Amino acid sequence: MFREGLMTDERILVTGGGTGLGREMAEGFLKLGATVYICGRRQNKLDETAAELMAEHAHDSGGKVVAHACDIRDADAIHAMVDSIWADGGALTGVVNNAAGNFISRTEDLSVNGFNAIADIVMRGTFYVTLDIGKRLIAEGKSASFLSILTTWVWSGSAFVVPSAMSKTAINAMTQSLATEWGRYGLRFNAIAPGLFPTKGMSSRLNPGSGGDNSKNDLNPMGRAGEMHELANLAVFLMGTGAEYVNGQTIAIDGAGYQANGGTFYPQLQALGDAEWDMMRQMIKGTNDKDKADRAT
Ligand code: HXC
């Protein structure tokens, strides 16, 4: 879809780039020659992803992938990571705010910690990354493209994922606000609102027990979930050169699921009772505990 070498001059940070949608977008940029920095909480996972992507694409494209363990809830850790990115070759040309946390829950079952676990990553962490990098770019007079991965819940809200819907809506407001405030510095801000693009992290927390196969989607007008290359192509379009006048937009890529059915969990989850919610909570806990154990290694 894009010409070879389109992103040779791009230096892009993808938060949450070790897995899921972040990894797919990182791969899309690398294939076109970009230097891609991926960060996340699990060093072993990041190293594995970087090695796999380099082995598959770096030779052909001339790009590279560099992994940094960094929890975006920690502003000091972000600062140190961005220092080392700058030391590795200068200013970034793009940032993909992709790292997120989410799980389905009845809102009355949430604790303050549960709310913060999501809001600290999605709302605060995304802002910390944007602020740290934005300040440096403004000081150096460098232009760049910022892209945040949101959901259509920023337009509708969503039952059973309220901390995520609130936090992503805040980042939608950041996108629109900074598109205007920092446009004069050559910094542009857009967002993508993906519909269902099944990933392991998402399926295990938003559709626990599904076994990870969510590729069919009878409720969607196109009868299917999204395919990763479709998302990566839209990200390349927004991060690369040639469409710089696109600024301040949140673009859905969901097969018109939002128009057809609102794109939320309400229809599937509103009838569940205590026993089913307890069971799902246990399954989600199993995933979270496993991820935590991985982070400890
Ligand atoms: C209620 C829960 C819970 C659940 C955790 N908590 N799971 N409460 N129901 N199912 C509560 C815990 O009890 C605890 O509160 C608090 O949340 C923090 O839990 P931890 O496990 O210690 O959190 P932490 O290790 O920081 O993990 C963060 C996380 C986790 C957000 C909870 O899910 C995570 O790391 N996720 C990253 C990957 C991810 O979520 N991917 C999916 C993204 S999908 P107490 O009070 O007990 O201390 C997405 C949008 C998709 O973003 C859109 C599709 C259309």
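Residues numbered from 1 in each chain as written. Predicted model: local features only at pLDDT ≥ 70, side-chain atom pairs only at ≥ 80, totals over all residues. Heavy atoms only, no water.

Chemist: Can you walk me through the layout of surface pockets in this structure?
Modeler: Of the volumes computed, that of the second largest pocket is approximately 260 Å³. What lines the second largest pocket is a set of 16 residues, and nearest its centre among them are Ser143, Ala144, Gly186, Arg188 and Glu244. At the level of secondary structure, the elements contributing two or more residues to the lining of the second largest pocket comprise β5 (144-149) and β6 (187-194). In the lining of the second largest pocket, the residues fall into four nonpolar, eight polar and four charged. (1 Å grid on protein atoms, 1.4 Å probe; cavity = no way out; pocket = protein on both sides within 12 Å on 5 of 7 lines; lining within 4 Å. Points joined across faces, edges and corners; volume = space filled by probe spheres on them. Helix = DSSP H or I, 4+ residues; strand = E, 2+ residues; numbered from the N terminus. Nonpolar A, V, L, I, M, F, W, Y, C, P; charged D, E, K, R; others polar.)

Chemist: Mind showing me how you'd approach helix α4 (residues 112-140) here?
Modeler: Each turn of an α-helix holds 3.6 residues, which means side chains three or four residues apart point in the same direction. For α4, which comprises 29 residues, the first-to-last C-alpha distance of 40 Å matches the rise-based estimate of 42 Å (1.5 Å per residue) to within 8%. When the local axis directions of α4 are compared, the greatest deviation, roughly 45°, occurs at aspartate 120. Where α4 terminates, the next one or two residues include glycine 141, which has phi positive at roughly 65°. (Expected span 1.5 Å × (residues − 1). Bend = angle between axes of the 7 residues up to and from the residue.)

Chemist: I'm lost on the site of the ligand in this one. Help?
Modeler: The local shell around the ligand holds 23 residues, among which Arg41, Asn102, Ser111, Asn113 and Arg205 are the closest. Within the side chain of arginine 41, one N or O atom sits 2.6 Å away from an oxygen atom of the ligand. Here arginine 281 contributes a side-chain N or O atom positioned 3.4 Å from a nitrogen atom of the ligand. Against a free-state accessible area of 1100 Å², the protein chains account for coverage of 78% of the ligand. Where the shell around the ligand is concerned, the elements lending two or more residues are α4, α7 (200-206) and α11 (274-296). Looking at the shell around the ligand, the element that brings in the most residues is α11, giving five residues. Here the shell around the ligand is built from residues that sort into seven nonpolar, nine polar and seven charged. (Near = heavy atom within 4 Å. Polar contact = N/O pair within 3.5 Å; in protein donor to acceptor, adjacent residues only side chain to side chain. Areas by Shrake-Rupley, 256 points an atom, 1.4 Å probe, with all protein chains shown as cover.)

Chemist: Honestly, the state of the cysteines in this entry has me stumped. Any pointers?
Modeler: Chemically, a disulfide is nothing more than a covalent bond linking the sulfur atoms of two cysteines. A full pass over the atoms with the stated rule returns zero disulfides. Between cysteine 39, a free cysteine, and cysteine 70, which holds the nearest cysteine sulfur, the sulfur-to-sulfur gap is 5.1 Å. For cysteine 39, a relative accessible area of 1% gives the class buried. (Disulfide = S-S within 2.5 Å. Buried < 20%, exposed > 50% of the residue type's maximum accessible area, 1.4 Å probe, protein only.)

Chemist: Quick question: what am I supposed to make of the pairing of β6 here?
Modeler: Two faces make up the sheet, and in a regular strand the side chains alternate between them. A large share of β6 lies buried, amounting to eight of its eight residues. Covered by surrounding structure in β6 are Leu187, Phe189, Ala191 and Ala193 together with Arg188, Asn190, Ile192 and Pro194, the residues of both alternating faces. Of the pairings in the sheet, the one linking β5 to β6 comprises six bridges and is parallel in character. By the bridge assignment, isoleucine 149 is partnered in β6 with isoleucine 192. Here β6 runs beside strand β7 (residues 250-253); their pairing, made up of four bridges, is parallel. (Pairing = 2+ DSSP bridges.)

Chemist: Mind showing me how you'd approach the packing of aromatic side chains here?
Modeler: What characterises a pair of aromatic rings is the spacing of the ring centres plus the angle enclosed by the ring planes. Per the stated rule, a full pass over the model turns up six aromatic pairs. With a centroid separation of 4.5 Å and an interplanar angle of 10°, the aromatic rings of phenylalanine 146 and phenylalanine 189 are classed as stacked. Placement of the pair is phenylalanine 146 in strand β5 and phenylalanine 189 in strand β6, with a sequence separation of 43 residues. We classify phenylalanine 189 as buried; its relative accessible area is 1%. Residues tryptophan 182 and phenylalanine 189 carry aromatic rings whose centres are separated by 6.0 Å and whose planes lie at 50° to one another, so their mutual orientation is tilted. As far as the burial class goes, tryptophan 182 and phenylalanine 189 line up, both buried. Through pairs of rings, three or more aromatic residues link up here, namely Phe146, Trp182 and Phe189. Geometry around tryptophan 86 places arginine 136 over its ring, the cationic atom sitting 5.5 Å from the centre. (Phe/Tyr/Trp six-rings, centres within 6.5 Å; stacked < 30°, edge-to-face > 60°. Lys NZ or Arg CZ within 6 Å of the ring centre and 35° of its normal.)

Geometry only, nothing functional implied.
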